[in-house]
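Architecture at a glance
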Amino acid sequence: MHYPSWRQQLVRSLHLHRSKPEAKYFQVASTSLKGLPTLRTMVFRQFIDDTNLLASVTDMRSDKVMHWQNNYHTQLHWYFAKTREQYRISCHVSMLAKQNGEIVFINDYKPSFDKKPKAVLMEQWQNLSPTARGGFFVPAPKSLYKADDADCSALTTMVIEGSDSETSLNSEHAQDGQEPDRKAHATSKQIDADANYIKRNPSPYFVAVLFEPYKVDYLDLKTNPHTRQLHSLGGTEENPRPSESVWTCVRVHA
Ligand SMILES: Cc1cc2nc3c(=O)[nH]c(=O)nc-3n(C[C@H](O)[C@H](O)[C@H](O)COP(=O)(O)O)c2cc1C
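This write-up is about the structure you can find in this document. Everything numeric here is computed off the predicted structure, so don't read it as measured data. (Residues numbered from 1 in each chain as written. Predicted model: local features only at pLDDT ≥ 70, side-chain atom pairs only at ≥ 80, totals over all residues. Heavy atoms only, no water.)

A few points about the pattern of salt bridges
Under the defined criterion, the tally for this structure stands at six salt bridges. For Glu123, the salt bridge goes to Lys115, with nearest N and O atoms at 2.8 Å. Residue class for Lys115 comes out partly exposed when judged on its relative accessible area of 23%. Taking the shortest distance from any N to any O, the salt bridge between Asp217 and Arg228 comes out at 2.5 Å. Here Asp217, found in strand β8 (residues 206–220), pairs with Arg228, found in strand β9 (residues 227–233); they are eleven residues apart in sequence, far enough to count as distant. Classification of Arg228 by relative accessible area gives partly exposed; the value is 22%. Put simply, Asp49, Lys115 and Glu123 are held in one network by salt bridges that share partners. (Salt bridge = Lys/Arg side-chain N within 4 Å of Asp/Glu carboxyl O. Buried < 20%, exposed > 50% of the residue type's maximum accessible area, 1.4 Å probe, protein only. Helix = DSSP H or I, 4+ residues; strand = E, 2+ residues; numbered from the N terminus.)

Quick notes on the pairing of strand β6 (residues 85–99)
The two faces of a sheet get side chains in turn, since along a regular strand they alternate between them. Within β6, twelve of the 15 residues are buried, which leaves it mostly tucked inside the rest of the structure. Pairing analysis gives eight bridges linking strand β5 (residues 73–80) to β6, with the strands arranged antiparallel. By the bridge assignment, His77 is partnered in β6 with Arg88. Two elements, β6 and β8, share twelve bridges in a ladder whose sense is antiparallel. Following the sheet pairing, Gln86 is matched in β8 by Leu219. Direction of pairing for β6 relative to strand β7 (residues 102–105): antiparallel, over a ladder of four bridges. (Pairing = 2+ DSSP bridges.)

With respect to the nonpolar core
Considering soluble globular proteins, one finds that nonpolar side chains tend to be buried as a cluster. Core analysis: the biggest nonpolar cluster contains 31 residues, and Leu10, Trp78 and Phe211 have the highest contact counts within it. Only α1 (5–16), β1 (25–31), α2 (63–70), β5, β6 and β8 provide two or more residues apiece to this core. Excluding residues that lie within four positions of it along the chain, Trp78 makes contacts with Leu10, Leu14, Ala23, Lys24, Tyr25, Phe26, Phe44, Leu54, Glu85, Gln86, Tyr87 and Ile89. In terms of nonpolar packing, the next biggest core, distinct from the first, is built from 17 residues, Leu96, Phe136, Ile198 and Phe206 among them. (Core = buried A, V, L, I, M, F, W, Y, C linked by side-chain atoms within 4.5 Å. Contact = heavy atoms within 4.5 Å.)

Focus on unusual backbone geometry
Put simply, Asn224 and Pro225 share a cis peptide bond, and its omega is 0°. Tracing the backbone through its elements, the reader meets Pro225 in the loop between β8 and β9. One non-glycine residue with positive phi stands out, namely Asn100, at about 50°. Residue placement: Asn100 occurs in the loop between β6 and β7. For Lys142, which is not glycine, the phi dihedral falls at a positive 75°. Structurally, Lys142 is set in the loop between α4 (130–134) and α5 (157–160). We classify Lys142 as exposed; its relative accessible area is 72%.

This is the structure in C-alpha cells:
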C-alpha cells in the first residue's frame, strides 16, 4: 500500500511521540450556524484500516455535530512539540451513529471505504475504555449542572431501557435479600455483565467521526530554513474523490 507522504510523516511524528499521550490530541474546527469559527480538542483514535481517514469520537448532543451537519468542511490542527512540527489538515468530515436501529451517516459527506459502517462504529466504541464509554451516558453537554448530577450511576440505566438483555444495571435491586458477601460477589458479577452489555450496545449518543483529508499544510521548525510543504489531493476542492485522485506535494517558503 502506498500512502501519501504527509501520512507517512504523520505516522512518524506519532511514533516519535508514542510516550506522550497528549500527542494524540488535535484541535478541530467547525463553523457555527451563524458562520462563526469554533474550535475544540479531540483525540485521534486511529486511521481506518489502510485509508487516509482519521477517526475520532464524539457525543451526538455536542454543538460540533450540528455544525458538521450544516457544513462538513473542517480543519485539524496538530502540533508535535518534540519534533516541532505543525500539521494543518483540511478535511471533509463524516459522522456515523445509530438512528432507528441502524448505523448510518448522519451528515451529507460519505467517504469511500470498504468497511461496513456498523463495523467502523462498533470498533470505535469497543476500543474506548469503560470509563470513556461511561461518558456517553451522562447529561447532555452544556445542560445545566445540578448537585445530584455528581451521581451518574442512575444514568446508565437508560442504555438498558427497552433492551432484550437478560442483564439489568439495577444490581442492588436485583440482589435484594442476599447475604452481604454473596451480594457483593453477585454485584461485581452484575457489574461485569452490565459492562459487557454496554460494550456490545453503544450509547445512542455515540458518534464515530471520520476526517477525510484533501489538503495538508505541513511546517517543520527544526530545519533551517524551516520546511513548509503543501500537500493536496487532485480534483477540485469541493469534490476531491480520493479514489480518482493523486496526492501532490510542493515545498514552499515558510
Ligand atoms: C485533552 C482533551 C481531549 C478531548 N477529546 C475529545 C474527543 O475526542 N471528542 C470530543 O467530542 N470531545 C473531546 N474533548 C472535549 C472537547 O474539547 C469539547 O469541550 C467538547 O467536545 C464540546 O465541544 P463542542 O461544544 O464544540 O461540540 C476533549 C477535551 C480535551 C481537553
